[in-house]
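Structure assessment
Residue strings, one per chain:
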Protein chains: 2
Amino acid sequence: MANIDDVAKKAGVSKSTVSRVLLGGNKVKPSTKERVLKVIEEMNYSPNTAARTLAAGKSHNIGVISSYTLNDPFYSAAGEEIYHVCGEMGYSTLFVINRTDKNEHKDPIALLHGKVDGFLFMGDNSVTKEQLEKLTKMELPTAVFKTGEWIPGIIQADTDNIDGACRGTEYLIRLGHRRIAILTGKENYYESIDRMKGYQKALEENHIRFESELVFPGQFSYDKARNLAKEIIASRATAVFCFNDVMAHGFIQGAGECGYRVPEDISVLGYDNIMFSNYDSYVHLSTVKQPIKEMSAYLVRALIAQIEDGQPPVQKIFPTKISEKETTR
Amino acid sequence: MANIDDVAKKAGVSKSTVSRVLLGGNKVKPSTKERVLKVIEEMNYSPNTAARTLAAGKSHNIGVISSYTLNDPFYSAAGEEIYHVCGEMGYSTLFVINRTDKNEHKDPIALLHGKVDGFLFMGDNSVTKEQLEKLTKMELPTAVFKTGEWIPGIIQADTDNIDGACRGTEYLIRLGHRRIAILTGKENYYESIDRMKGYQKALEENHIRFESELVFPGQFSYDKARNLAKEIIASRATAVFCFNDVMAHGFIQGAGECGYRVPEDISVLGYDNIMFSNYDSYVHLSTVKQPIKEMSAYLVRALIAQIEDGQPPVQKIFPTKISEKETTR
DNA sequence: CTGAAAGCGCTTACAG
DNA sequence: CTGAAAGCGCTTACAG
């Protein structure tokens, strides 16, 4: 495979000059530039990025490490946006799958070290606290999505789950609902815990008694929600607040199978604002909206600001919004 | 950030020795190995992969270039398997999104050149023929999924779409169906064209007249299929053969909305054998099964065989199988 | 506008 | 079992 010396020789210039036309910035006499370009074309030359990265000390790549396989609806939206914003800013993305709970592959940090200028983690279990601390020690710019706790030296974007769930519940109360069932997330997840707190807070503030028989363990699962639908309807709830959209769709499906209609028979409020499944859905779900795109863009920009200008790591809590569509009344 | 010289100095050895303990293969006296390891740990040292790749001339990485954003059901299954098999064989994967029809990012080949030992493309438009030819010229091992045509020097896995559709149609005929509607794919896609040929072939062999009013343009789309359901049922077809599973699910949804049941009122056969949406589905779809996993594993193994042992590029056509589930009778 | 030279951080024969 | 040295293919001051 041709390298820079071959090109230089054939074009009758030094490799410095070849490098300059490749990099674009420095002035090269148009005629020699043209000649070099022609040789590059002819020889099918493509610079070795490992050498380039090593010599320049920067790769213009961001490593995106996800615990999700390629198809989580929340994080695939985030991944798309990360990819776009990186592109705009002249960076490429290298996606790596990592689950800290399995152990099939080597440490993604080791894998990418030297290949990327910064790390962006998304998804539960995509990174351990130890790994983050190691990254900080190594002074490698790092951003993470939604960890639930503030880690010094790390760029973070999160939403306030207590506030989001509180607003969601209040919204349902404002619509006149008093028996509001909830479909909860996985236990131990801080999102589940905080959303539960938000729900309880809203009830309290509106003097509605919390009833544990209205709490259904949905585990963030479509199928669990679908299977629980009958039971939830039997609880005489007039609305069900699902702690993610996936469960909301599962519930709607299950309710439909029992002959119930949404929102005529029961209102459904989701959480996340994902595009459900890979295809447009006819169900226009009312939901508590997390600004995935804004959060993603924020992380990328902050990361690149740290890489290029040494800006200190920042964090931001993003507000949620109620997106009122067709499943509530 | 510490480099190999820092480690060597602190451990009182040469960097050759540090390199040896890092690589693992060569014999290093246990006591010095231990000492070096301790220093590595202390200094939080992690070798620069760009330098390593450059020096060793190999990266032990496979670049996986997909035209799909992170959530196509067919290719996410493939991606998973690629990831696993690579892991088994000591390779890591770098995922890059590329659509040749857009042009936001730089050429993924340039992006990954020097970072990976081989390329694996998946998805329509993930790579152009020119790019493949360039890769061949550069002697970079390359594998592609389902291109529909044989390109010399490229490792390929595909299925026979004519045969698959023919068998699918025959299967329905054997069940007693005579009026078999089809929901076709995007025009111009070789899969669509070949599956259509297979359908016609099966009809012919069974002396059933082809009727163009039984052909519905589904475009591989869930929504299109859902919207066409009423019309298809009105055509008095007793079975509908969908050229992908996504449309089959869309049809079933649409039929359900019109009050029709599958398979009581109409049989439905899909094509692909994907896990529909990101969640388990209660619909157990009968389908023409493409062995995605086997194909993925085949590509990876062939690619690594070429990288490591200089094996010549191979190609294989995989057989499809009818997977009889609950939507046909 | 251009070239010679040093250096990026590793690996790997070679010699001992 | 270990070290000195060359080399991987680039970039980037420095000098002209």
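All values derive from a computational prediction rather than experimental measurement. (Residues numbered from 1 in each chain as written. Chains lettered and ligands numbered in written order. Predicted model: local features only at pLDDT ≥ 70, side-chain atom pairs only at ≥ 80, totals over all residues. Heavy atoms only, no water.)

Quick look at helix H3 (residues 30-43) of chain A
Residues and elements named next belong to chain A. Compared with the 20 Å implied by 1.5 Å per residue over 14 residues, the 20 Å span of H3 between its first and last C-alpha is a close match. Among all positions in H3, only Thr-32, Val-36, Val-39 and Ile-40 are buried. On an axial view of H3, the arc spanned by its buried residues comes to 105°, and they lie on one face. Exposed and oriented more than 90 degrees from the buried face of H3 are Pro-30, Glu-34, Lys-38 and Glu-41. For H3, the secondary structure elements touched by its buried residues are helix H1 (4-11) and helix H2 (15-23). Phi turns positive, to about 60°, at Asn-44, one or two residues after H3. (Helix = DSSP H or I, 4+ residues; strand = E, 2+ residues; numbered from the N terminus. Expected span 1.5 Å × (residues − 1). Buried < 20%, exposed > 50% of the residue type's maximum accessible area, 1.4 Å probe, protein only. Arc of directions from axis to C-beta. Contact = heavy atoms within 4.5 Å.)

Things to note about the protein's contact with DNA strand C
The local shell around DNA strand C holds 25 residues, among which Ser-16, Thr-17 and Arg-20 of chain A together with Ser-19 and Arg-52 of chain B are the closest. Among the atoms of DNA strand C lying within 4 Å of the protein, the sugar-phosphate backbone contributes 59%. In this structure, a base oxygen belonging to DNA strand C sits 3.5 Å away from a side-chain N or O atom of Ser-16 of chain B. The contact in question runs from a phosphate oxygen of DNA strand C to an N or O atom on the side chain of Ser-19 of chain B, over 2.3 Å. Those elements that place two or more of their residues in the surface near DNA strand C are H2 and helix H4 (49-56) of chain A together with helix H2 (15-23) and helix H4 (49-56) of chain B. Here the surface near DNA strand C gets five residues from one element, more than from any other, and that element is H2 of chain B. In terms of residue class, the surface near DNA strand C is built from eleven nonpolar, eight polar and six charged. (Near = heavy atom within 4 Å. Polar contact = N/O pair within 3.5 Å; in protein donor to acceptor, adjacent residues only side chain to side chain. Nonpolar A, V, L, I, M, F, W, Y, C, P; charged D, E, K, R; others polar.)

Here's the deal with the side chain of Gln-156 of chain A
Residues and elements named next belong to chain A. Note that Gln-156 resides in strand S5 (residues 155-159). Within polar-contact distance, the side chain of Gln-156 engages the backbone nitrogen of Ile-151 at 2.9 Å. Leave out the neighbours within four places in its chain, and Gln-156 touches Val-144, Thr-147, Glu-149, Trp-150, Ile-151, Tyr-298, Leu-299, Val-314, Gln-315 and Lys-316.

Some words on the domain arrangement of chain A
Residue and element names in this part refer to chain A. Annotation of chain A at the domain level lists domain 1 (4-47), domain 2 (61-158 + 292-319) and domain 3 (161-290). A straight line from the C-alpha centre of domain 2 to that of domain 3 covers 30 Å. Between domain 2 and domain 3, the residue contacts involve nine residues of the former and 13 residues of the latter. Taking both sides of the interface into account, the surface hidden between domain 2 and domain 3 amounts to around 830 Å²; carbon and sulfur atoms contribute 49%. In this structure, the connection of domain 2 to domain 3 is made through zero salt bridges. (Domains from an automatic or database assignment. Buried area = accessible area lost by both parts, 1.4 Å probe. Salt bridge = Lys/Arg side-chain N within 4 Å of Asp/Glu carboxyl O.)

Considering the packing of aromatic side chains
Using the criterion set out here, one finds twelve aromatic pairs over all chains in the structure. Ring geometry for Tyr-199 of chain A versus Phe-210 of chain A: centroids 6.2 Å apart, planes at 70°, classification edge-to-face. Placement of the pair is Tyr-199 of chain A in helix H9 (residues 190-205) and Phe-210 of chain A in the loop between H9 and strand S7 (215-217), with a sequence separation of eleven residues. Their ring planes at 80° and their centres at 5.4 Å tell us that Tyr-298 of chain B and Phe-318 of chain B sit as a pair that is edge-to-face. With Tyr-298 of chain B in helix H12 (residues 292-309) and Phe-318 of chain B in strand S11 (residues 315-318), the pair connects residues that are 20 residues apart, well separated along the chain. Taken together, the aromatic side chains of Phe-241, Phe-243 and Tyr-271 of chain A make up a single cluster linked through ring pairs. Across the ring face of Tyr-271 of chain A, the terminal group of Arg-195 of chain A is positioned such that the distance to the ring centre comes to 3.7 Å. (Phe/Tyr/Trp six-rings, centres within 6.5 Å; stacked < 30°, edge-to-face > 60°. Lys NZ or Arg CZ within 6 Å of the ring centre and 35° of its normal.)

Points about unusual backbone geometry
Residue and element names in this part refer to chain A. In this model, Val-262 is joined to Pro-263 through a cis peptide bond whose omega is 5°. Looking at the element boundaries, Pro-263 is found in the loop between helix H11 (245-257) and strand S9 (267-272). For Arg-236, which is not a glycine, the phi torsion comes out positive at approximately 65°. With respect to the element layout, Arg-236 can be found in the loop between helix H10 (222-234) and strand S8 (239-242).

Details of the protein's contact with DNA strand D
Close contacts around DNA strand D come from 25 residues, with Ser-19 and Arg-52 of chain A together with Ser-16, Thr-17 and Arg-20 of chain B the closest. Among the atoms of DNA strand D close to the protein, meaning within 4 Å, 58% are from sugar or phosphate groups. If you list the elements that add at least two residues to the surface near DNA strand D, you get H2 and H4 of chain A together with H2 and H4 of chain B.

Quick look at the packing of helix H10 (residues 222-234) of chain B against helix H11 (residues 245-257) of chain B
Residue and element names in this part refer to chain B. At a closest axis distance of 7 Å, the pairing of H10 and H11 adopts a crossing angle of 50°. Comparing their axes, H11 and H10 come out oblique. The way H10 lies across H11 gives a crossing that is right-handed. The residues of H11 that touch H10, namely those facing Tyr-222, Ala-225, Arg-226, Ala-229, Ile-232 and Ile-233, are Val-246, Met-247, His-249, Gly-250, Phe-251, Gln-253, Gly-254, Ala-255 and Glu-257. Of the residues assigned to the contact of H10 with H11, the class counts are nine nonpolar, four polar and two charged. (Axes fitted to C-alpha atoms, helices over the stretch in contact; angles between N-to-C directions. Parallel < 35°, antiparallel > 145°, perpendicular 65-115°, else oblique. Left-handed = near helix turned anticlockwise from the far one by under 90°.)

A short note on the UniProt feature "domain: HTH lacI-type" (unreviewed entry) in chain A
Residues annotated by UniProt as "domain: HTH lacI-type" (unreviewed entry) correspond here to residues 2-56 of chain A. As annotated, residues 2-56 of chain A comprises 71% helix and 0% strand, and the C-alpha atoms at either end are separated by 20 Å. (UniProt positions renumbered as here; feature names shortened; annotations may be inferred.)

Some thoughts on the pattern of salt bridges
Pairs may arise between side chains of opposite charge once their charged atoms sit close together. Evaluation of the coordinates by the stated rule reveals 13 salt bridges over all chains. A salt bridge links Arg-167 of chain A to Asp-163 of chain A; the shortest N-O distance between them is 3.0 Å. On the criterion of helical spacing, the pair formed by Arg-167 of chain A and Asp-163 of chain A is a turn pair, its members being four residues apart in helix H8 (residues 161-174). Its relative accessible area of 33% is what places Arg-167 of chain A among the partly exposed residues. Between Glu-257 of chain B and Arg-226 of chain B there is a salt bridge, and its shortest N-O distance comes to 2.3 Å. Linking Glu-257 of chain B in helix H11 with Arg-226 of chain B in helix H10, this pair joins segments that are 31 residues apart in sequence. On the accessibility criterion, Glu-257 of chain B (48% relative accessible area) is partly exposed. Taking the relative accessible area as the measure of exposure, Arg-226 of chain B reaches 11% and is therefore buried. Taken together, the salt bridges that share partners define one network made up of Lys-10, Lys-38 and Glu-42 of chain A.

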